[in-house]
Amino acid sequence: MTQDELKQAVAREAVRHVVPGEILGVGTGSTVDYFIDELARAGVPIAGAVSSSERSAARLGRHGVALLDLNDVDSFPVYVDGADEIDGALAMIKGGGGALTREKIVAAVARTFVCIADSTKRVKVLGRFPLPVEVIPMARAHVARELAKLGGTPKRREGFVTDNGNEILDVHGLSILDPAALESAINDIVGVVANGIFARRGADVLLLGTSDGVRTVVR
């Protein structure tokens, strides 16, 4: 199976985790694009969706899904999103598409985080994929110096602005042996909005697309 076929397979499987009649949290990325299309194709009735990005919101809107403001929602049963990397404890690196802050916020409100990914995203140790860090623009140089002290090589994502109007530093060369500790350490740097380690709120369920079919891993 091609990578796109694996993404489509996990997207179809994720639809089975959607709770009919309830609000759904929806993430961002190419695998999530497949999920949104599969959700519409399946015709599962939902009360509306909270989206983590303008990109996903537009795709949901084209399928006629009602979009809700998270400030008007107390909680919802399921959040479906992808990952750039995911380890055995279901901690992740996310933010390749730049939506990490909103993804963290929406995930925090969901009772269950369902991660959809193909087998290329499964790793033993996080860090091969550069870690995205969203920063306030005036703090970019300061944050970069502090990230270098943590052992990484930060590079500005040129020509990119997040949906929140901020910038992204992609940190190369990390070997993240304690994801939760590093997540907290980076969050403590003044000028950081959020970073792409999802360990303190990792996935609850992983739907992993493999050549042998979709594997379900539960934390």
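What counts, and at which threshold
Residues numbered from 1 in each chain as written. Predicted model: local features only at pLDDT ≥ 70, side-chain atom pairs only at ≥ 80, totals over all residues. Heavy atoms only, no water. Axes fitted to C-alpha atoms, helices over the stretch in contact; angles between N-to-C directions. Helix = DSSP H or I, 4+ residues; strand = E, 2+ residues; numbered from the N terminus. Parallel < 35°, antiparallel > 145°, perpendicular 65-115°, else oblique. Left-handed = near helix turned anticlockwise from the far one by under 90°. Contact = heavy atoms within 4.5 Å. Nonpolar A, V, L, I, M, F, W, Y, C, P; charged D, E, K, R; others polar. Patch = residues over 30% accessible without salt bridge, like charges linked within 9 Å, V, L, I, M, F, W, Y side chains within 5 Å. Areas by Shrake-Rupley, 256 points an atom, 1.4 Å probe, with all protein chains shown as cover. Salt bridge = Lys/Arg side-chain N within 4 Å of Asp/Glu carboxyl O.

## Re the packing of helix H2 (residues 30–42) against helix H3 (residues 54–62)
Look at H2 against H3: their axes get within 10 Å of each other, and the N-to-C directions meet at 20°. One finds that H2 runs roughly parallel with respect to H3. At the point where H2 passes H3, the crossing takes the right-handed sense. Residues Ser30, Val32, Asp33, Ile36 and Asp37 of H2 touch H3, and the partners they reach there are Arg55, Ser56, Arg59 and Leu60. When its residues are assigned to classes, the contact of H2 with H3 shows 3 nonpolar, 2 polar and 4 charged.

## Remarks on a nonpolar patch on the surface
Together, Ile136, Met138 and Val193 make up an exposed nonpolar region whose accessible area comes to about 300 Å². Summarising the element assignment, Met138 is placed in the loop between strand E7 (131–135) and helix H5 (140–149).

## Overview of the packing of helix H1 (residues 3–15) against H2
For the pair H1 and H2, the least separation of the axes is 8 Å and the interaxial angle reads 50°. It follows from the interaxial angle that H1 and H2 lie oblique. The way H1 lies across H2 gives a crossing that is right-handed. Judged by residue contacts, Asp4, Lys7, Gln8, Val10, Ala11, Arg12, Ala14 and Val15 of H1 engage Ser30, Thr31, Tyr34, Phe35, Glu38, Leu39 and Ala42 from H2. The residue inventory of the contact of H1 with H2, partitioned by class, reads 8 nonpolar, 3 polar and 4 charged.

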